[in-house]
Structure formats: C-alpha cells, structure tokens
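Overview (structure and organization)
The lines below spell out each chain.
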4 protein chains.
Amino acid sequence: MTPGASGGPARLTRSERTEAAILAATRELLAKGGVRELTVEGVAACSGVAKSTIYRRWRSKDELALAVVIDMVQTVVAVPSLADTRSELIALVQGAVRVLGKTLMGSVMQGLVPELATDSELARAFRDRVVALRVQEVERLLRRGIERGELRTDIDIGLTHELLFGAVYYRLFLSGEPLDRKLAERIVDGVLPGLLKPAAGRRTARPT
Amino acid sequence: MTPGASGGPARLTRSERTEAAILAATRELLAKGGVRELTVEGVAACSGVAKSTIYRRWRSKDELALAVVIDMVQTVVAVPSLADTRSELIALVQGAVRVLGKTLMGSVMQGLVPELATDSELARAFRDRVVALRVQEVERLLRRGIERGELRTDIDIGLTHELLFGAVYYRLFLSGEPLDRKLAERIVDGVLPGLLKPAAGRRTARPT
Amino acid sequence: MTPGASGGPARLTRSERTEAAILAATRELLAKGGVRELTVEGVAACSGVAKSTIYRRWRSKDELALAVVIDMVQTVVAVPSLADTRSELIALVQGAVRVLGKTLMGSVMQGLVPELATDSELARAFRDRVVALRVQEVERLLRRGIERGELRTDIDIGLTHELLFGAVYYRLFLSGEPLDRKLAERIVDGVLPGLLKPAAGRRTARPT
Amino acid sequence: MTPGASGGPARLTRSERTEAAILAATRELLAKGGVRELTVEGVAACSGVAKSTIYRRWRSKDELALAVVIDMVQTVVAVPSLADTRSELIALVQGAVRVLGKTLMGSVMQGLVPELATDSELARAFRDRVVALRVQEVERLLRRGIERGELRTDIDIGLTHELLFGAVYYRLFLSGEPLDRKLAERIVDGVLPGLLKPAAGRRTARPT
DNA sequence: GACTAAGCGAGACGGTACGTCGCGTCTTAAA
DNA sequence: TTTAAGACGCGACGTACCGTCTCGCTTAGTC
C-alpha cells in the first residue's frame, strides 16, 4: 500500500511507531513484574528502541510508567440502567473488583500508590482523570436512586464513593483478602442501609 | 548481681545497642524521604554501623524498612469503653485517621503497598500482625454492641472492618482527600445503619 | 577535513581517552603497591573513570592488572648482531635482568605468578605473547650461532631458553639474590658449554 | 589411659591439639584451592576452631599460610650416593620436579612468590630454611664429583644451583610446560658440560 | 532528485546503591 | 580466666540501572 492511501488505518510516522512500541513494551513488562521490576533498559530491549529515545519522550522511568498506568486506569465502564439502585451499585463495584482482581490493573495500582504520594502533579492528574470519574458515576447512580424514591435525599456522595471503593482497595492493598465475586454485593449491602429512605419509626444511632 | 540490673535502664549489650542504632536511623531516614529514598548505605552512615552488620540482620533493604514499618504500625490503641458503639467505632477510626494523617505513618504506609504486593512473606506478616489486630478490635467493639442490644447479631465483622478502614486508606492512597477530624464520624455514620438492630417494619433492600 | 587529522597526534575518541586513562592509572598504582594493593576502586578514583566503565572492559580486577602487565611484559628488545653467540646471549639475558631488576616489572612478575597459576586463559595469553617471543629470540640467536659454526646442530632450544631465563627468575622469585650486572654473563657461561660444538676427543658425561 | 601416663605418645594439651587442628585444616584447604582461595574463615570452619583462636597464634592469614607452606617446603630429601655426579644431580632435580609436579607443593609455591616479595622477614626465613638447604645439597654433590675427579675444581656452586632449579621453577611459574620425567635429565645434561673437567684441546667460547 | 538536519539505534559513560565476602578486632557467654 | 563463638567496622568486590552523552545512520522534508 502506498503511503497516505486512504481508507486503511493512517500510516504511522516513524515517531508514532516508535512511541507505540515503547508503550506496548511498557505495558507488557508492567504485566509481568509490575512497576517494581520495570526498567527503562528492559523497555528499550523489549521494544527494540534505544534508551535515549525513551528519555527523549519521558523525563524518567516513573513518568513513563505512570503515563501508561494512567492511560490504563482511566477506562471506566458506565453502568447501565438496572432494576434498582442496589443492582446498579453492585454492578459498579463489581466492575472495579473484576478489573483489579483479574487484570494487571491490580498490581499497577499497587505500584501507583507511592508515586501518587510523591508526585503531586501526578496525584492531581489521577484525581481529575480517575477518581473524579468514579465519583461522577456514583453520583449518577445515587441521583437516579433518589429520583426513583429509593434513597434518602441527603446522601453524602463523596463518602459513599469512598466506602464502596475503599473496601475494595483495602483488600487489594493491605488485607490481601481475595477480590471475589461476592465482595461487591457484600460491600453494597453494608453501605446501602445508610442510603435508603428511612422507614417510619426507624431507629437510628445518629445524634438528634 | 547482673551488671546494671538495678534501677536504671537495663544495660544493653553491644548487639542490642547496634540494633537500636540501626532502627533509630532507619526511622529517622524514613521520616524525611520515605521508603523511596531510604538506602542501606544511608542507614549505615547515619547509624555509625557497618553495612554488613545491617545485612547480617535483614536480608535486604526492603526487609529492614518493613521491619521498622511493621513495628511502627502494629501499635494499636485499644478503644476504651464509651457510652455507645457509635462513639467507640468513631474513636477507633479516629485513631487510624490521626496516626495516618499526622505522623509519618501515612507516607510509610504508602511506601508499604508495593512491598506487600511483591513480598508474600511480608504480606503475611502484615496481615498477621497488623490487619488481624484491627479486625480483633473491631470484633471486640461489635460484640460489645451486640451484647448491649444495640447491634444486629448477624454482622459481617470482616466486611465492617474493611468498610471502616478502607475509606480511610482510600483517601490516603488514592483520592488524596484530607484525613480530617470529621472523617471518622462520617465513615461510622455511613456504615452504622447496616449494623443496627432492624426496627420493626423497617424497609430493606436486601433480598429475602 | 577530519578534525585533528593533520599533523598532530590523532584525535582520540572518548572511549579511547577513557581506556588510556584507566591503563595509565593502573600502571601508576601498580608502580606503588604492586598487584597486591591494586584495587578497581582505586583505579576508578585515580583515573576519574566510573567503576562500571572499568568492568565494561575487563571482567575483573585481575584481568585489568594482567592486561597492563602483559602489555608491559611483551616488550622484547631484539638483540642486535654481535661478535659471537656468547655476547648475544649475554645481551639477551642482560636485557631481562635489567628490566626485572630496575623497573617495576620485577614486582609485577612476582604478582603475576599466582594469577597465571589460577587463570588458564591468562596463562595461555602469557605463553603466547610473552614466553613464545622469548623462545623465538633464543632460537634466532642459536640458529645464527649454528650457521656460524659455533654451536652444535642438535641444540634443545626450549631447554636452553628455560635455563637462561629460569635462573634469572629463580633469583627474582625465590632465592632473593640480587639481579646484578655479572649475572647474565655467569648464566650464559654456565649454559654455553652445552651448546658449543664438541671438540674432537671431548669427554662427555652423556650416555652413549 | 590416665593423664600424664608415661610411655605412650605424649598426651597433647588442648592448646597443642588446637594448633594441630588449625595446621591440618590449613594444609587441607591449601591442597584444594591453593593460597588464593585460602581464607581464615574457612580454616576456622574446617578445623572447628574460632577465628580469634587463629589470630591469637598468627598475626594474619598470610602468616598462617606461610607457616604451613614453609613447613612443607623445607622437607628436602638427601640424595644417596650413586654411580656418578650426573645421576646424582638428576636424582636431586628429579626430586624437585616430582614434588612440584605431583603434590600440592606446586600451587603452594606459586602462591608463595608474591608473599616472599612482600614480606622480607618471610623471604629471609625462606632463604635460610629452604634455599640454603638446596644449595648445600648441590654443594655436597658437586664436591663429591670434584673429589671423584669428574668435575672442574672452580665450579660456581650458587650458579649451578640456580640453573638446575631455575629451569624447573620457570616451567612451574611462567612457561607452563609440564613437569615431566625427562625434564630433570635434560636440565642436568644442559648444565653438566659446564661442570665437567675440560678435555685437552677443548674449544671454548670463554674469553681468554 | 539530491541535500540536509532532525530523529534514531546503539551503547559507552559517570554515578549511586546494591548485596556479598573476607579481613582482623572486639564482646560475650560458657567452661 | 581462658577460650569458642561469632558480631562488628571496614573496605573492596562485581552487578544493575539510572539518566546523560556521543556517535554514525536513517529518514523525512526542503530546495
């Protein structure tokens, strides 16, 4: 096929091909070994690219890793409309459980934690491009639940989001418990009572 | 009579003094710089101890860091008996919030995450010596609440523990929201409804 | 025109400059201290080169030392034609006596002995590049003597070479006797009778 | 047997047993590995003796090694009277060839060279206790030959000793040629002509 | 269609830290 | 009180990557 031929996928310039190779190699090496064992020399060898070419594009190994990681992480699947809010929340949490437990996203996130702690610019990017999306999705589902009359109107959306996902990441990062199929349901059932419209005469521990 | 047996602090052997110096230096260097910038050579220089002496006690830099970290982390403050379970749970969570937000424990825990992911032996140690303590404390409080008649009898203790602490660590690790004074209370109030004894005719989302 | 191509000393590439610096430093440090006290770190510091750069070129400290040593040793001065074989042999041996006794070659050779014993590859290199040259030179002189009619035709060249130099090295390595000016002459006069053409009726101890 | 019982081999004190164990272990480790791979820690482990006990007796690793080596080396077998001087010299040289080629004495001597170069006290000990014995033995044989009328009366004994043994050590240390059975004979036949009584009318290259 | 400068591969370089080994000294507990 | 066991300070080892730096060789674009 001649260069610039229409129809097919745009012919990539050398520079673009190079960048793609680097990113692919980085992803591959992240998969086995995680951030901890990722080395620039490894990426260079695996991608057939010179080390200097990598450094021409990313200032450091961490920047490269994080570019890839952020790119992977920001994929968020919107939850379709289901019968009730409980089902929708379970679907949402289940999505996170699955991607963290079954793909390399889990180890990627583990490696990401100290980077976020160190690099405030990265932390902001992560909040804006990843966390915010999750909050929005939670908000969307909760608002729908409120409209349906299922949920209280004074829900703390940010907190709910933190409870739902916090428990998942707690397993991933610290407790080491498995990310299994029942987890999402249990989490939602633990959080949901605080979201539901109070029944008449319902007893509560909240201070008056 | 054993030398130094009376009165003052027990006379330390050289070996003990050495170990103490290493740990102190490690703690100091962890404080500024975190796990990321901790080096064995730095610890050696700072503690006035030979590198080989450090390696005689810990197999690697990570093991040293983690020994210190685990040692710091496993300090769990038992929650005293308070008026009600809500107050006690808030006190428990507030303890974690404070230590993670105000001391270097926060950054230490951030650095710990990828280590736990990599080193399964360490992960087990962490679970046994840190997570398990937390679970026990949650269990103690919840059992007391059940005995008092405040709480349901079929509580999922593990899940509760994950919800309570998961949200705290989620802020620390990912969302970057501040670990402030109101957090513990909000978390507990988000989780508590699922723990309370159901009032008669209470509406629930749980499947029958 | 290539930079520096005309006239002056050829412009060296960085790599060449580096190698030269390493070798110079090694020679300098060998001079004071000998092989025993030579360290790669010392060479690195003295040459302003990184340790890793040294290890990129030589597999170990010994290899470096020996590369330099071999390089120094393989300088063999060809003996010019003199009046007779005796004078030529004396000149040859005297050359070895002088370089071993007056330069640092002596201590270098002392340090070389256990290396040769340990490293068979090195031993081969030494035999091929140093010993062989000496044998050749002895052979050249002896053949000339045979052509002149001075020497027997059935001389054992290898043995002669070993006798001539063995005595020199024996002093250097073991007996500690000085390598003085008369030594070469005495050695040659001890060996020469076995090389000369037998006079008629000459008495010999050799078995028939 | 009760302590101090007379008759049997003297009961060794603990100190003597310890020393013997150290020496035995040193000899054993010298056998495999040579001086180069001899370590004090190895000797301690192999002899079941504490390192500090070794250092109480020898100031350094080298001293220990050399004590053992010297002890081994100074074993010189006196050559019995044979038919003629040639046979006796061959027997003498053959003794050295055999012990250097077939036992660990060869590698021991190789390792000894740089030590002798470094440690002048050791060098003197070696000369006095080893070299001198060899010279004496050569002298004894040569004097007998002179008395028999076989040899010239103005023989340079020291030189002869250096020629005879130098060639052997030259092979061992530098040329790497095998120490085989013919070697001693060839060496002696190379040196002997210079020792024999000159036949009448014999041609010589010596200056008048 | 040749020319040129930017981009690239290759990989050497100065560094920093790693974890190891062996030295010779020093401490401690036991005999 | 002497010794065995072994921890200690030290210094060098050889390795792995870091991020920088030359080098020629492509390879697009410009004339």
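Refer to the structure presented above.
Residues numbered from 1 in each chain as written. Chains lettered and ligands numbered in written order. Predicted model: local features only at pLDDT ≥ 70, side-chain atom pairs only at ≥ 80, totals over all residues. Heavy atoms only, no water.

**Side note on the protein's contact with DNA strand F**
Taken together, 34 residues surround DNA strand F, and among them A:Lys51, B:Ser52, B:Arg57, C:Tyr55 and D:Thr53 come closest. Among all atoms of DNA strand F positioned within 4 Å of the protein, those belonging to sugar or phosphate total 57%. Within the residue set of the surface near DNA strand F, elements represented by two or more residues are helix 3 (40-47) and helix 4 (51-57) of chain A, helix 1 (14-31) and helix 4 (51-57) of chain B, helix 3 (40-47) and helix 4 (51-57) of chain C together with helix 1 (14-31) and helix 4 (51-57) of chain D. A class-by-class count of the residues in the surface near DNA strand F yields seven nonpolar, 14 polar and 13 charged. (Near = heavy atom within 4 Å. Helix = DSSP H or I, 4+ residues; strand = E, 2+ residues; numbered from the N terminus. Nonpolar A, V, L, I, M, F, W, Y, C, P; charged D, E, K, R; others polar.)

**Some words on the interface of chain B and chain A**
Tallying the contact residues gives 52 residues for chain B and 51 residues for chain A. Taken together, the two surfaces of chain B and chain A that pack against each other cover about 4400 Å², and 62% of this comes from carbon and sulfur. Summed over the shared surface of chain B and chain A, the number is eight salt bridges. Salt-bridge contacts for A:Arg36 lead to B:Glu115; the nearest nitrogen and oxygen are separated by 3.0 Å. Taken together, the links from chain B to chain A amount to ten residue pairs in polar contact (both at pLDDT 80 or more). Tallying contributions element by element places helix 9 (residues 157-175) of chain B first for the side of chain B that touches chain A, with 13 residues. Across the side of chain B that touches chain A, the residue classes tally to 23 nonpolar, twelve polar and 17 charged. (Contact = heavy atoms within 4.5 Å. Buried area = accessible area lost by both parts, 1.4 Å probe. Salt bridge = Lys/Arg side-chain N within 4 Å of Asp/Glu carboxyl O. Polar contact = N/O pair within 3.5 Å; in protein donor to acceptor, adjacent residues only side chain to side chain.)

**Some points on the interface of chain D and chain C**
Residue-level contacts link 52 residues of chain D with 53 residues of chain C. Interface area, chain D with chain C, both sides summed: about 4400 Å², of which 61% is carbon and sulfur. One can count eight salt bridges joining chain D with chain C. A salt bridge links D:Arg171 to C:Glu162, with the shortest nitrogen-to-oxygen separation between them at 2.6 Å. Taken together, chain D and chain C are joined by ten residue pairs in polar contact (both at pLDDT 80 or more). Looking at the side of chain D that touches chain C, the elements with two or more residues in it are helix 7 (105-118), helix 8 (120-148), helix 9 (157-175) and helix 10 (181-191) of chain D. Looking at which element gives the most residues to the side of chain D that touches chain C, the answer is helix 9 of chain D, with 13 residues. Here the residues of the side of chain D that touches chain C are counted per class, giving 23 nonpolar, twelve polar and 17 charged.

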